[in-house]
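# Notes for the structure review
For reference, the chains in residue letters:
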Amino acid sequence: MQGKKKLMLLTAACALMLSACNFTGSSSTPAPSAGEGTDANPQAAAPSPQVLNLVESSDIASLDVMTAHDTYSNNILSNSMEGLYGLDKQGQPVLTGASDHKVSEDGLTHTFTIRDSVWSNGDPVKASDYEFAWKRTFRETGYYGYMFSNAKILNADEISKGEASPDDLGVKAEDDKTLVVTLSAPSPLLPSYLMFTPFYPVNEKVVTELGDKYGLESNQVVYNGPFVVEDWKHEQGWKLKKNDQYWDKDNIQMEEINFFVVKEESTAVNLFDTNKVDRIKISSAYVDQYKDDPNYSIENRGGLGFLRFNHGHPALSNANIRKAIDMSIDKQGLADIVINNGSSPTYFLVPKSANPSPGGKNFREINGDFTGTVEDAKAAFQQGLTEIGASNVSLNILAADTTESKSIAEYLKNQLETNLDGLEIKISVQPLQRRLELEKAIDYDISISTYVPLNSDPISYLEMFETGGNFNRMGYSNPRYDELVIQAKAELDMEKRYDLMLEAEKVLFADSAIAPLYQSADSIVQKPYVKDFVSYPATPQYGYKWVRIEGK
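The present account deals with the structure reproduced in this document. Computed from a prediction, not measured in an experiment: that's the story for all the values here.

## A few points about the pattern of salt bridges
Under the defined criterion, the tally for this structure stands at 30 salt bridges. Residue Arg497 is joined to Asp457 by a salt bridge in which the shortest nitrogen-to-oxygen separation is 2.8 Å. Here Arg497 is found in helix α19 (residues 494-510), whereas its partner Asp457 is found in the loop between β17 (446-451) and α17 (458-462), with 40 residues between them in sequence. Both residues of the pair, Arg497 and Asp457, belong to the buried class.

So, in structure tokens, the structure goes:
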């Protein structure tokens, strides 16, 4: 009985985490040529009733859950594989790969009964497939080791530091149907972590047979989710086919989803207009063209755009200078004019899409905005210059080599130099990967940064800036902030936990640690016959289990 109560608390915490999100149903071959007649591409022109055609701007990087850490790969893996928990249509955590979950009185031992299901090759999914997959991440130094630490899986921290063996990880298959997960401390959001790709199982036999080739091609993976990946033609496209071995196959409507890699937006728009694809995401260049179209919509995301400051920089180590930079930016203008895709200005870290308090109040409703006027910015800047003993400052803004990032950098340069006398701004444009390398090394002055959380709980944003955290990347450190975040991660009383998170955000902005800019959104144009296309604000972006074609 106590175990069931613990599980109810965990599930309630995760449901609360996601309940404020606006989950709406907006409802392989090379990409079809927009200029071709219907006979040139019969598959796209005359699809079967339950076939969906989509575009992506980039290829899948990997189909190995251990190494796939890009948005495109994660989205496909989240729809072709599944772990112990998954997301339902409303974005709530539900058991998927497991049929039962019991929790010990102390909240440290979690016993899962593995659902009767099989891999796409017919092999049964076993508890040992989970144990093997989780430990494999540490044996082969997979990207996601930190997530096991965040979920408080026993010994994950020690293994990451080289102080323990992967064999010591707190996961054990007691038999084919029983998986026991042991934690180092109670984890109120454990189900929300278990929904993500690092916690998925892999077929141990297949991985062992394929070795380094596993995940490099669509036929070098076996799947346990609602779809299987087929016909992956690198840099051209792939398809998701309904998995006839899936335990819940009777509730999957789509027979096939074709993905075409289309790097030029104008080509994607042309394909949509000529009925070759059914849904596209558009940038600011096309928003004005489609904004009055009844098929146009804005899908809010949980992602953020913000400025990281190098807290070790002689000038940016000064809180008043950081505050002045933040307050001198017209963020509404940035969102409406420069980005112009439905993104909204932010004056905070935790966005409006984050989960509400146990009493139903929005995080922003309670904490409000952290704002100031241009006059406040000017005064803070002059005070900061006095405090560092300087009359002027020259700073470099690091931007990625994308159109949007470069446009944001130019806008910021104009705003900052116009509003803050004595400040010179230079812009350094780098390829995205190089920008990330410089950011991780804190080899910059100011960096235009983005962040997409793994879920919509406020802690997913706040834990970014813990001292030494993977996503801190600016040398920020405040013991009080760390204390609040650590306490919030462990607190099982949801009211107290929420209060801790509210206080942590206040500490961050009292330090003027970052300069928030915008909350991201996607401008979407979708054919009216596409129904129940589920979009999530965090990760994964989309759920294809419920989508259907109706009235085409």
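## Brief notes about the environment of Asp59
The residue Asp59 is located in the loop between β2 (51-56) and α3 (71-80) in this model. In this structure Asp59 comes out as buried when scored by relative accessible area, which is 10%. Taking the C-alpha atoms as reference points, Asp59 and Trp238, 179 residues apart in sequence, are found 8.9 Å from one another.

## Section: empty space enclosed by the protein
As a volume, the largest cavity reaches approximately 210 Å³. Lining the largest cavity are 20 residues, with Ser78, Gly86, Leu87, Tyr200 and Lys545 positioned closest to its centre. Where the lining of the largest cavity is concerned, the elements lending two or more residues are α3, β3 (85-87) and β21 (542-543). Counting residues per element, the lining of the largest cavity draws most heavily on β3, at 3 residues. Residue composition of the lining of the largest cavity, by class: 12 nonpolar, 6 polar and 2 charged.

## Details of the sheet that holds strand β6 (residues 109-114)
Two orientations exist for strands paired in a sheet by backbone hydrogen bonds: parallel and antiparallel. Strand order in the open sheet made by the 4 strands is β5-β6-β8-β7, with antiparallel pairing throughout. The two strands at the open ends of the sheet, each matched to only one other strand, are β5 (98-103) and β7 (171-175). The mean inter-strand angle of the sheet, taken between neighbouring strand axes irrespective of direction, is 20°. One ladder, built from 5 bridges, connects β6 with strand β8 (residues 178-182); its direction is antiparallel. Pairing of Phe112 across the sheet is with Leu179, part of β8. Here helix α4 (residues 127-139) sits on the sheet in contact with β6, β7 and β8, set at roughly 160° to β7.

## Some remarks on the layout of surface pockets
A volume near 180 Å³ is recorded for the second largest pocket. Lining the second largest pocket are 13 residues, with Asp64, Arg136, Glu140, Gly211 and Asp212 sitting closest to its centre. Those elements giving two or more residues to the lining of the second largest pocket turn out to be α4 and α8 (204-210). A class-by-class count of the residues in the lining of the second largest pocket yields 5 nonpolar, 4 polar and 4 charged.

## Regarding the environment of Ile114
Relative to the assigned elements, Ile114 resides in strand β6. The exposure class assigned to Ile114 is buried, which follows from its relative accessible area of 1%. As for Ile114 and Leu179, which are separated by 65 residues in sequence, their C-alpha atoms are 7.2 Å apart. Excluding anything up to four places from it in sequence, Ile114 contacts Leu84, Gly97, Ala98, Ser99, Val125, Ala127, Tyr130, Asp176, Lys177 and Leu179.

## A word on the side chain of Ser449
If you trace the backbone, Ser449 turns up in strand β17. A distance of 3.1 Å separates the side chain of Ser449 from the side chain of Arg308, its partner in a polar contact. If sequence neighbours within four positions are ignored, Ser449 has contacts with Leu304, Gly305, Phe306, Arg308, Arg435 and Glu439.

Reading the values: the criteria
- Residues numbered from 1 in each chain as written.
- Predicted model: local features only at pLDDT ≥ 70, side-chain atom pairs only at ≥ 80, totals over all residues.
- Heavy atoms only, no water.
- Salt bridge = Lys/Arg side-chain N within 4 Å of Asp/Glu carboxyl O.
- Helix = DSSP H or I, 4+ residues; strand = E, 2+ residues; numbered from the N terminus.
- Buried < 20%, exposed > 50% of the residue type's maximum accessible area, 1.4 Å probe, protein only.
- 1 Å grid on protein atoms, 1.4 Å probe; cavity = no way out; pocket = protein on both sides within 12 Å on 5 of 7 lines; lining within 4 Å.
- Points joined across faces, edges and corners; volume = space filled by probe spheres on them.
- Nonpolar A, V, L, I, M, F, W, Y, C, P; charged D, E, K, R; others polar.
- Pairing = 2+ DSSP bridges.
- Axes fitted to C-alpha atoms, helices over the stretch in contact; angles between N-to-C directions.
- Contact = heavy atoms within 4.5 Å.
- Polar contact = N/O pair within 3.5 Å; in protein donor to acceptor, adjacent residues only side chain to side chain.

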